[in-house]
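# Structure assessment
Chain residues, written in single-letter form:
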Amino acid sequence: MDWLPNQTKLFRAMLYCYPAEFRHEYGAEMEHLFQDRLRSEPRWRLWLDTLTDVAFSAPKEHWEILRSDVRYGARVLAAMPGFSAIVLLVIALGIGATVSIFSLVNAVLLRSLPYGHPGELMYLWSPNPNFKGVPDEMGPTIADFYGWQQQSHSFSAMALLRQRAVNVVRDSVASRVEAASVSGNFFQTMEAWPQKGRSLDTGDDQPGHEHVAVVSDEFWRSQFAADPAVIGKHFQLNRQDYTVVGVMPHDFGYPFEGDIPYDHSGFRQTDIWLPAAYSVKDKTDRTNFESADAAIGRLKNGVSVAAAQAELIAIEARFQPLYPEMWKGWTALVKPLVQTIVGPVEKILWLLLGAVGIVLLIAVSNVAGLLLARATARAHELGIRTALGAKRSRIIRQLLTESLLLSCTGGAFGVALAYGLVHVLTSLNPGKIPRFESATVDGRVLLVAAALSIATGVAAGLGPALSSCGPNISDLLRRGGSRVAGGSHRGRFAFVVLEVALSVVLLAGSGLLIRSYIQLEAVDPGFSRASLTLKPNLDDRYNTSESQASFYKMFLEKLQTLPGVKYAGASSALPLSGGDSMSFIKTRGNENSKEIVEDRSVTPEYRKAIGTPLLRGRDFDLHDLNSKAKVVMVNAKFADTYFHGRNPLGEQVCICVGSSDAASWSTVIGVVGDVRHTALEEAGKPQMFQPTTAGDSFAIRYDIPTKQVVDEARAALRSLDPALTLEATTMNDVIKASNARRTFQTSLLTGFAAVAVMLALVGLYGLMSYTVKQRKAEIGIRLAIGSPRSRVLTLILGQGLRLTGYGLLIGLACAFAMTRLVSAWLFGVESNDPVTFVVVPLFLLAVACCACLIPAWSATRIDPVQTLREE
Amino acid sequence: MAALTPQAFHILIALADRDQHGYGIMQDVAARTSGKLRLSAGTLYGLIKRLLEDGLITELRENQRPEKPQDDERRRYYRLTPLGRKAAKAEVNRMAELLEQARAYGLVAKSN
């Protein structure tokens, strides 16, 4: 019979599945019953019975206790609506903000991309180390791409893509649509399949077969009213007839804004995919430098990125002799697509999540402080329950249930808040963060919200629950709970210090970003914010540079005669537009160098239209356009770099590919101010301007309302060609768009800091009010024996400010260590900026003073006589 | 008070004519149902707990326990309270009424 004790032991262990209360009450009985059955029943049946029984009855007992605790807790909380409302508000704020930011992180970083096996997808770039100042992420030339495709064995598929804006005419309305020309195997390479019809295939990118289109879900809905029979329908694209062959699922819009590095298209997402039909000649022509915006390869199983890159480099080296001398030096670079897409935004999103995590931590600590105060006030009630035989674990369980009830209800409000916040955040669109707008509160976000709510309930409730069960019962009952104040007070002090410290960290971080923002706003961009820029979208009918130039010239002439327009000019690239053109130059004395500078072709009035100051010399005039003597203008940076303090006027510059005969030398006739071209943060680079009669980007200065001038410009364009569309943006909007991400992160971090400070102040205020209530008798006696009221004021104020001081010291130390995390986003300030580190503590001290002043003032109003009578 | 479950009703029946401990109740129920309903420890004591809370049964105090030879000292004995008896009777009446109605509609096979 020696098996009997072992089996009983096993059953005894299983009893731990039941709530402690139930186990203590019935555990011994259940064990006897089990032993009785063990003697009379077959063992296999008993165990089968017992296991099933425990599996069903143990959760039921837990559920029963939870239900009664929740009911009791809800009654307790309903009896103090003010307290409950504040706690719910704090938790809802903390969890709502955290969940909102998490849903952004989820959309951008965690949700997998809508492409099959995205880890295998690689961007294939073709950098040229000979070109200084040009990024490595340049797409290969068309000829090189097809060369790679033919000769490489590392990839199972390879596709190319070029972004282009097209004009679609539906019901006689022309609209500009963001499109991509792709090789026929693009969708197979991406492993992305249409929801309707078919994707493109290799038969579609043959010249003569290319008039088919795959459209996005959004385009299908907006242009075809989600017509189920859309496949096979025709539509006008750049005045040519195209057939819809497929509709992609709603989450596919590759490339999205930000998917391609140094993407200057400004496209939000792609709505039409067209086959890029290249002739055999195009595929081998290395005198034409047309290049892909991106080439994508799907890496074969077992091939490493390094091996694939080595192979492409070797192939590319074989192509070099085919290039003209000035254009040799191309090589290859293979980079994982997912990492390229999310890499640049990963840091900022994690930073924001960290910041909002701090806000949540402050909220939790605030709630813990409130619950501690509450537990102190309830010490009498809890003491009686203990005296009546309630076990310590039972009381802890009850208090934890209450805090979980609060945190889960607060969490539910938080999720509701997050639905709204995510909507606001996505509409703020900071620009160039792929799939940012697709952020939603989905299943994963809800799961995180639930986990955070439970963690908040446990974290905020555990301390107060444990501390309220500590004290001696008889003591408690005798003194009505006042003795526990000491212990819980220290706990609350610690929570307030923690809150102040954490808000200092956030305030310092946001302070640095705000300072950077102000510095950046003060930067002179080198052009006028009031200028309006215009870009007409020509279609395939304007397929020669002559037809384009003649159209642009006519459009410019129209613009110049519009009423209200003071200056109108055109350029080959506008500042902050992403577009750029570079040229090799030589200067006298440096004939053998191969320098590359930003090169613009501009019309004579362009400088005035865009608002760049003329520093020396003169503008281009009509004579310069026709004269044989070539002239150029340069910017101040160019003059400093290449003429080293000499008078730049009259100096000579050669814009040359290979040759340097006398005819290609130009004379500098004017020097203009530096223009920030790539980003406001980046100082102007050497720039050179050549005179021209037309460019594709227009700028105007005007003295009538913007809307009126835009309407006039649109009418002017329509009068020339009604099928074309026009983009119009003021330079102010261009600056705003270029600063969008900075504005977004600065305002978000500032918002978090504001909430953090507010929560810390609520905590401080609550604690000081409570302290005054606790010390009422002591203060009454002080006043009774003649202590002046001002002394009482400074006593309470001093206590509050001392706590704030501790928090400040800890917070500043942490902030010093942590602000370098934001150093990548700082402009014109150091991460240990003295102004920020002086202003932040002063500001916090000032607001803390205000928060303590009300309780301190109420302390001076205490009536000593009445207090003594109460004692 | 929640409605009587069939299992709780069985416990009340088991206690109708004599006080019993948990194992006795279990055996009683099993015998009456020919072993079809076997209340395991967790379910049995969960039900006992709720019947006690609802006041339908009560636990016997030291001086109420059976005389020495029958008293198993290790065990706790339970007794039906007047309220419990009333509840059991009400349940019996409800069932009888139901049976009557079923019979009127010819749903009950005639027994002889």
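Owing to the predicted nature of the structure, the values given are computational and were not obtained by experimental measurement.

### A look at the overall build of chain A
Summing up its helical and strand segments, chain A has 25 helices and 21 strands in all. The C-alpha atoms of chain A give a radius of gyration of 36 Å, which is well past the 29 Å a tight globule of 871 residues would have. Counting only C-alpha atoms and orienting by the principal axes, one finds that chain A spans roughly 105 × 85 × 55 Å. Going through the 871 residues of chain A one by one, you find that 42% of them count as buried. Long-range pairs, those at least 24 residues apart, make up 82% of the contacts in chain A with a sequence separation of at least 6.

### Notes on the confidence of the model for chain B
Regions with low pLDDT carry predicted coordinates that are not meant to be interpreted in detail. Mean pLDDT over chain B: 88, with 93% of residues reaching 70 or higher. We note a pTM of 0.76 for the whole complex and an ipTM of 0.88 for its interfaces.

### Quick look at the interface of chain B and chain A
Opposite the 13 residues of chain B that make contact, chain A presents 15 residues. Elements supplying a minimum of two residues to the side of chain B that touches chain A: α2 (22–32) and α3 (41–53) of chain B. Looking at the side of chain B that touches chain A element by element, the count peaks at 5 residues for α3 of chain B. Considered class by class, the residues forming the side of chain B that touches chain A number 4 nonpolar, 5 polar and 4 charged.

### Observations regarding the packing of helix α3 (residues 43–78) of chain A against helix α11 (residues 392–427) of chain A
All names here are of chain A. For the pair α3 and α11, the least separation of the axes is 9 Å and the interaxial angle reads 65°. For the element pair α3 / α11, the angle class is roughly perpendicular. The crossing of α3 and α11 is right-handed. In this structure, α3 uses L66, D69, V70, Y72, G73, A74, V76 and L77 to contact α11, whose residues at the interface are R397, Q398, T401, E402, L405 and L406. Of the residues belonging to the contact of α3 with α11, the class tally is 8 nonpolar, 3 polar and 3 charged.

### Considering the sheet that holds strand β1 (residues 20–21) of chain B
Residue and element names in this part refer to chain B. Read across the sheet, 3 strands follow the order β1-β3-β2 without closing on themselves; strand pairing throughout is antiparallel. Unpaired on one side and paired on the other, β1 and β2 (57–59) mark the two borders of the sheet. Sheet topology note: the β2/strand β3 (residues 77–80) ladder contains 3 bridges and is antiparallel. In the sheet register, I57 faces β3, and the bridge partner there is L80.

### Description of the pairing of strand β17 (residues 652–655) of chain A
Residues and elements named next belong to chain A. Across 3 bridges, the pairing between strand β13 (residues 582–587) and β17 is antiparallel. Its bridge partner being in β17, I585 is matched across the sheet by I655. Pairing between β17 and strand β18 (residues 665–672): 3 bridges, direction antiparallel. For Q652, the partnering residue across the bridge sits in β18 and is T667.

### Focus: helix α5 (residues 142–151) of chain A
Residues and elements named next belong to chain A. The buried fraction of α5 is high, at 7 of 10 residues. Three or more residues of α5 are buried, namely I142, A143, D144, F145, G147, W148 and Q149. Those residues of α5 that are buried are in contact with β1 (121–125), β2 (155–170), β9 (294–299) and α8 (305–319).

### Let's talk about unusual backbone geometry
Residue and element names in this part refer to chain A. In this structure, P255 follows Y254 across a cis peptide bond, with omega equal to -5°. Within the secondary structure layout, P255 lies in the loop between β7 (240–247) and β8 (272–275). The backbone of A225 sits at a positive phi, close to 50°, despite the residue not being glycine. Relative to the assigned elements, A225 resides in the loop between α7 (217–224) and β6 (234–237). For A225, a count of 8 C-beta atoms within 10 Å puts it in the exposed group. Even without being a glycine, A226 presents a positive backbone phi close to 55°.

### Looking at the pairing of β9 of chain A
All names here are of chain A. The element β9 is extensively covered by neighbouring structure, given that 6 of its 6 residues are classed as buried. Sheet topology note: the β1/β9 ladder contains 3 bridges and is antiparallel. Of the residues in β9, the one forming a bridge with M122 is G297. When β2 meets β9, the two strands line up antiparallel, connected through 6 bridges. Looking across to β9, one finds that L161 is bridged to A294.

### Here's the deal with the domain arrangement of chain A
Residue and element names in this part refer to chain A. Domain annotation of chain A identifies domain 1 (3–79), domain 2 (127–331), domain 3 (346–522 + 741–767 + 788–854) and domain 4 (540–722). If you average the C-alpha positions of domain 1 and of domain 3, the two centres end up 41 Å apart. With 10 residues of domain 1 in contact, the opposing surface of domain 3 contributes 9 residues. Secondary structure elements with two or more residues in the side of domain 1 that touches domain 3: α2 (20–40) and α3. Per-element tally for the side of domain 1 that touches domain 3: the top contributor is α3, with 8 residues. The class makeup of the residues in the side of domain 1 that touches domain 3 is 7 nonpolar, 1 polar and 2 charged.

Cut-offs and rules
- Residues numbered from 1 in each chain as written.
- Chains lettered and ligands numbered in written order.
- Predicted model: local features only at pLDDT ≥ 70, side-chain atom pairs only at ≥ 80, totals over all residues.
- Helix = DSSP H or I, 4+ residues; strand = E, 2+ residues; numbered from the N terminus.
- Rg over C-alpha atoms; globule rule 2.2 N^0.38 Å.
- Buried ≥ 20, exposed ≤ 12 C-beta atoms within 10 Å, placed from the backbone.
- Contact = placed C-beta atoms within 7 Å.
- pLDDT = per-residue confidence, 0-100.
- Nonpolar A, V, L, I, M, F, W, Y, C, P; charged D, E, K, R; others polar.
- Axes fitted to C-alpha atoms, helices over the stretch in contact; angles between N-to-C directions.
- Parallel < 35°, antiparallel > 145°, perpendicular 65-115°, else oblique.
- Left-handed = near helix turned anticlockwise from the far one by under 90°.
- Pairing = 2+ DSSP bridges.
- Domains from an automatic or database assignment.

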